[in-house]
Amino acid sequence: MNADQLTGCMHAVLDGTATPEQAMLLASVLASDAEAAEEFESWKAVFRGLAAIAPAHPPEGLVAAIEASIPMRPPRTADRLAAPGQLLPLASVVASTQPRGIELPARFRALFQRPRRPNSTQEHGQMNVNRKYWAGGAIVVVALGVAVLVSGYPPKSDNLLGTVVPAERYRAPQAGAEAIKLGEPATAQTVSTAAVANQAARTEAQTKAEQTNAQGLAQQNDAKNVAQQNDAKNVAQQNDAKMTAQQNDAKMTAQQNDAKMMAQQNDAKMMAQQNNAKNIAQQNDARMQAQKTDARMQAQRSNTN
Amino acid sequence: MDDDDDRAALAAFRNGDRGAFIGLVERYQRPVYNAALWILRRPEDAGDVTQTVFLKVIERLDEYDPRFRFFSWLYRIAVNEALDVHRRNGREEPLAEDADFPDADGAGPESRLSRAQDSERLSRGLRRLSTGDRTVLTLRHFSDLSYEEIAQILGVDEKTVKSRLFEARKRLRALIAREAVN
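Nothing here was measured: the structure is a model prediction, and the numbers come from that model.

Draft legend 1. Quick look at helix α6 (residues 131-142) of chain B. Residue and element names in this part refer to chain B. Taken across its twelve residues, α6 has ten buried, putting it largely inside the fold. Those residues of α6 that sit buried are T131, D133, R134, T135, V136, L137, T138, L139, R140 and H141. Backbone geometry just downstream of α6 places D144 in the positive-phi region, at approximately 55°.

Draft legend 2. A look at the interface of chain A and chain B. Each side of the interface is counted separately: chain A has 43 residues, and chain B has 42 residues. Around 4,100 Å² of area is buried between chain A and chain B when both sides are counted, 61% of it from carbon and sulfur atoms. Interface area lost by chain A to chain B is led by L50, I53 and I66 of chain A, which between them contribute 16%. Joining chain A to chain B, the criterion identifies four salt bridges.

Draft legend 3. Main features of the packing of helix α1 (residues 3-15) of chain A against helix α2 (residues 20-32) of chain A. All names here are of chain A. Viewed as axis vectors pointing N to C, α1 and α2 meet at an angle of 115°, and their least axial separation amounts to 10 Å. When you trace α1 past α2, the crossing you get is left-handed. When α1 is examined against α2, the residues L6, C9, M10, A12 and V13 are found in contact with a partner set consisting of Q22, A23, L26, V29 and L30. Of the residues contributing to the contact of α1 with α2, the split by class is nine nonpolar, one polar and no charged.

Draft legend 4. Here's a closer look at the confidence of the model for chain A. Per-chain confidence: chain A averages 73 in pLDDT, with 66% of residues scoring 70 or above. Low confidence marks residues 78-124 of chain A, where pLDDT is under 50. Its contacts with residues over four positions away, or in another chain, come to 30 contacts.

Draft legend 5. Up close: the side chain of T50 of chain B. Note on placement: T50 of chain B falls in helix α3 (residues 43-59). Each residue touching T50 of chain B, except ones within four places of it in the same chain, is listed here: L62 and I66 of chain A together with Q29, V32 and Y33 of chain B.

Draft legend 6. Structural view of the pattern of salt bridges. This structure, assessed with the given rule, holds 18 salt bridges over all chains. Here E81 of chain B makes a salt bridge to R88 of chain B, at a shortest N to O gap of 3.9 Å. Here R87 of chain B ties to D84 of chain B by a salt bridge, and the two come within 2.8 Å at their closest N and O atoms. Of this pair, R87 of chain B and D84 of chain B both sit in helix α4 (residues 70-89), three residues apart, roughly one helical turn. Among the residues examined, R87 of chain B registers a relative accessible area of 56% and is labelled exposed. Salt bridges here are not isolated pairs; linked through shared partners, they connect D15 of chain A together with R140 and R169 of chain B.

Draft legend 7. Spotlight on unusual backbone geometry. Not every positive phi belongs to a glycine, and R41 of chain B is a case in point at roughly 65°. You can see R41 of chain B is positioned in the loop between α2 (18-40) and α3.

Cut-offs and rules
Counting from 1, residues in each chain are numbered in the order their sequence is written. Whichever chain is written first is A, and whichever ligand is written first is 1; the rest continue in order. Under the rules for a predicted model, residues below a pLDDT of 70 receive no local features and side-chain atom pairs below 80 are neither given nor counted, while totals for whole chains, interfaces and linings still include all residues. With hydrogens and water set aside, each side-chain value is computed from the structure's full complement of heavy atoms. Throughout, exposure labels follow a simple rule: accessible area from a 1.4 Å probe, protein chains only, divided by the maximum for the residue type, with under 20% read as buried, over 50% as exposed, and the rest as partly exposed. Labels follow the DSSP assignment, with helices taken as runs of H or I lasting at least four residues and strands as runs of E lasting at least two, numbered in each case from the N terminus. Residues count as neighbours in contact if any of their non-hydrogen atoms are within 4.5 Å of one another. A quick way to say it: buried area is the sum, across both parts, of accessible area lost when two parts are put together, with a 1.4 Å probe. In the sections that follow, a salt bridge refers to a side-chain nitrogen of Lys or Arg positioned within 4 Å of a carboxyl oxygen of Asp or Glu. Each axis is a line fitted through C-alpha atoms, taken for helices only over the stretch in contact, and angles between the N-to-C directions span 0 to 180 degrees. By convention, the crossing between two helices is left-handed when the near helix turns anticlockwise from the far helix through less than a right angle, and right-handed when the turn is clockwise. Classification used: nonpolar for Ala, Val, Leu, Ile, Met, Phe, Trp, Tyr, Cys and Pro, charged for Asp, Glu, Lys and Arg, polar for all others including Gly. The pLDDT value tells you how sure the predictor is about a given residue, anywhere from 0 up to 100.

The structure is reproduced here in structure tokens:
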């Protein structure tokens, strides 16, 4: 076994991936080679150091940032794979035909749909109809523009010529004394009717003003309610964040404890392996001594004979 | 929470349960962040990569094969994203000595100081390794992934993974020894 093979064997044992043969082989080498045993100790320190490095803490708010980036509606397979003419699962088809918001008549709906490639003769015809609607609308707009240009409205300042004079007010002929006849009941009734009408108009205006004030107050109250709800939401979110942080701390503590236990277990394993190696070495020594003793005895016997 | 729970959470998310996905984020944000941090060595970049990784998981949900561990798949996205960012940066960034890098966990009281010094040397040695060495060591020693999973993530065979790990550990030990001399 060369140096690299021996080091690879050490790594495998320390990494927990060694075969029983590799472990036995290393144990026998370590028992008989002090230099190899020293190298094994240095590798053990490296592995122990790597195992003892605790994971870093992610920055605070990372989960919240990711949560804010997650789409409100998770992407679904059918939505992403949907292509014109492709068969979709029934559920997605039913969902896509559910009314959403204001429903427009089909011919108007077609005008607002995103243009896409036709996949049948019928669809092609429908697209031609859509184009006709668009072309008709464009023609109407152009015609209006031309009409405005031709009629010259609004007039430009260059076209305003003439002398500005005060307008002559129309004066109706004044009623003379002969036109007024006192004591006629019809005249009094007319005046009274006008006063009543004025009073009604004032009352109506007051009512409108009061209604406007009431609406303003209601809006203010709504705004207050919304602000209170937002405050409550914020408090709830803060509480959630605190709880999440506490849970994360508890998890991290548990993970650290697990890491410690793992390190201790690894140490125990390594100790056991070393002990096994020592035992094997001792057994080997004992065997060798026994063999030597046997050899000596045989030699003595042969000498005696 | 195990692999079955992960798959159940993904299924729930597909059916509109955002909370299920948040649970996965809370569970895996730390290992993903640490993998990115050891590859990129910059906490800000690691945070950005972590965020991007989970959004990519949502985008590529249909590509996930439930026969494999969700964690392995997530890690594959994370490592590739971190390596992409590293390539876009174009060069090895200078070492941020005061960056929030993890240190060794508390050792036994009998040799706490010695172990802390060893740990500091090891941490510095790790940061001085090449990106490839750091990546493979991170996946094996900090993420506890099997050789097979590392091979899938890096797109190489298991033999290559073992070979890269072997060389990376040797270089790490040499750097630690140099730190000890200095």
